[in-house]
Amino acid sequence: MHSEKHISELVVTEYEKRMAQNIYPFYYIRILKELEKKESTKKELREKLGIPTSKVYRAIYRLQIDELIAKEMRDGVEFWKLTDKGREYLKQLKELVNA
């Protein structure tokens, strides 16, 4: 006989709870993945990914607050890079997707 599990019976790990709390819109993930490849300016992210300027700014603001990315100034230009926390987030997200 086939057994069914009800949602109330599912076991949710601490890892899964943490990941569920940090779900971002898809374009945020695209920005993180691009920054995983190389540091970029907002303009480079916008042009490379085809994301509207307002969304790039919104994502950068939120991802910086969440400490997944950090700003580095070079010759008066803002470059954005992935932090260790950002790398860990992408790693965990890939594990979750592949689970």
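Everything quoted here is computed from the prediction, not taken from an experiment. (Residues numbered from 1 in each chain as written. Predicted model: local features only at pLDDT ≥ 70, side-chain atom pairs only at ≥ 80, totals over all residues. Heavy atoms only, no water.)

Chemist: Please set out helix α5 (residues 84-98) residue by residue, giving values where relevant.
Modeler: Between its first and last C-alpha atoms α5 spans 21 Å; for 15 residues at 1.5 Å apiece the expected length is 21 Å, and the two agree. What α5 keeps buried is the set G86, Y89, L90, Q92 and L93. One side of α5 holds all its buried residues, which, seen down the axis, span an arc of 165 degrees. Away from its buried face, by an angle of more than 90 degrees, α5 presents the exposed residues D84 and N98. (Helix = DSSP H or I, 4+ residues; strand = E, 2+ residues; numbered from the N terminus. Expected span 1.5 Å × (residues − 1). Buried < 20%, exposed > 50% of the residue type's maximum accessible area, 1.4 Å probe, protein only. Arc of directions from axis to C-beta.)

Chemist: Give a description of helix α4 (residues 53-65) that names residues and reports values.
Modeler: With 13 residues, α4 should cover 18 Å at 1.5 Å per step; its first-to-last C-alpha distance of 18 Å lies within 8% of that length. Each element contacted by the buried residues of α4 is listed here: α2 (26-37), α3 (42-49), β1 (69-74) and β2 (77-82). Looking at the residues trailing α4, positive phi occurs at E67, about 60 degrees. (Contact = heavy atoms within 4.5 Å.)

Chemist: Explain the packing of aromatic side chains to me, using residue names and the numbers behind them.
Modeler: Counted according to the given criterion, the structure contains three aromatic pairs. On the numbers, 5.5 Å between centres and 75 degrees between planes, the contact of Y24 with Y89 is edge-to-face. Of the two residues, Y24 sits in the loop between α1 (14-21) and α2 while Y89 sits in helix α5, which places them 65 residues apart along the sequence. Following the ring pairs from residue to residue traces out a cluster consisting of Y24, Y27, Y28 and Y89. The aromatic ring of F79 is capped on one face by R74, whose charged end is 4.2 Å from the ring centroid. (Phe/Tyr/Trp six-rings, centres within 6.5 Å; stacked < 30°, edge-to-face > 60°. Lys NZ or Arg CZ within 6 Å of the ring centre and 35° of its normal.)

Chemist: Run through the pattern of salt bridges, naming residues and quoting values.
Modeler: One pass over the full model with this rule turns up eleven salt bridges. Between D66 and R62 there is a salt bridge; the shortest N-O distance is 2.7 Å. We classify R62 as partly exposed; its relative accessible area is 34%. A salt bridge links E72 to R74, with the shortest nitrogen-to-oxygen separation between them at 3.0 Å. It is possible to trace a salt-bridge network through shared partners that takes in E39, E72, R74 and K81. (Salt bridge = Lys/Arg side-chain N within 4 Å of Asp/Glu carboxyl O.)

Chemist: How would you explain the environment of E78 if you had to name every residue and give the values?
Modeler: Of note, E78 is situated in strand β2. Counting along the chain gives 38 residues from E78 to S40, while the straight-line C-alpha distance between them is 8.3 Å. In this view, E78 contacts S40, T41, K42, K71, E72 and M73; residues no more than four positions away in its chain are not counted.

Chemist: Mind laying out the nonpolar core, listing which residues take part and the relevant values?
Modeler: Ranked by internal contacts, the top residues of the largest apolar core, which has 21 residues, are I31, L32, L63 and I69. Where this core is concerned, the elements lending two or more residues are α2, α3, α4, β2 and α5. The leading source of residues in this core is α2, at six residues. Ignoring anything within four residues of it in the chain, the contact list for I69 reads L32, L35, I60, L63, Q64, W80, K81, L82 and T83. (Core = buried A, V, L, I, M, F, W, Y, C linked by side-chain atoms within 4.5 Å.)

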